[in-house]
Amino acid sequence: MNIKHELKILPQYMEDVITGRKTFELRKNDRDFQVGDTFILREWENGAYTGRHFIQAISYVLKDCPEYGLADGYCIFGW
């Protein structure tokens, strides 16, 4: 099942996403992110959306590995 996640992102990180330097997100896994899910990163600044956004599908999810420093309940997903 393909789920769409809408997420806030700060401008300094959004710029790196747009330019392709950042191809991952570290997030609390309270949405059960899965490969194939679609996400929308919406730029958030001064308490409001700026209008810039980025849409992509999740291609990889890393979770449940505290032995490598990833806190319980968090994940890293990539595209």
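Structure: above.
This structure is a prediction, so every number in the text was calculated from the model and none was measured. (Residues numbered from 1 in each chain as written. Predicted model: local features only at pLDDT ≥ 70, side-chain atom pairs only at ≥ 80, totals over all residues. Heavy atoms only, no water.)

A. A look at the overall build of the protein. Within the protein, the regular secondary structure consists of one helix and six strands. Starting at the N terminus, the α and β elements of the protein follow one another as β-α-β-β-β-β-β. Reported as C-alpha extents along the three principal axes, the dimensions of the protein are approximately 35 × 30 × 25 Å. Across the 79 residues of the protein, 32% fall into the buried class. Across the protein, every contact between residues at least 6 apart in sequence was considered, and the portion connecting residues at least 24 apart equals 61%. Element-wise, carbon and sulfur atoms account for 52% of the exposed surface of the protein, whose accessible area totals about 5200 Å². Taking the average place of the 10 positive charges on the side chains of the protein and the average place of its 12 negative ones, the gap between the two points comes to 5 Å. (Helix = DSSP H or I, 4+ residues; strand = E, 2+ residues; numbered from the N terminus. Buried < 20%, exposed > 50% of the residue type's maximum accessible area, 1.4 Å probe, protein only. Contact = heavy atoms within 4.5 Å. Areas by Shrake-Rupley, 256 points an atom, 1.4 Å probe, with all protein chains shown as cover. Lys, Arg positive; Asp, Glu negative; His and termini not counted. Charge placed at Lys NZ, Arg CZ, Asp CG, Glu CD.)

B. Spatial organisation of the pairing of strand E1 (residues 4-9). Here E1 shows one buried face, formed by His5, Leu7 and Ile9, and one open face, formed by Lys4, Glu6 and Lys8. In this structure, E1 lies alongside strand E3 (residues 38-45), joined through six bridges in parallel fashion. The partner of Lys4 across the bridge, within E3, is Thr38. (Pairing = 2+ DSSP bridges.)

C. Up close: the state of the cysteines. Taken as a whole and judged by the stated rule, the model has zero disulfides. The closest cysteine sulfur to the non-disulfide-bonded Cys65 is located on Cys75, 10 Å from its own sulfur. Taking the relative accessible area as the measure of exposure, Cys75 reaches 0% and is therefore buried. (Disulfide = S-S within 2.5 Å.)

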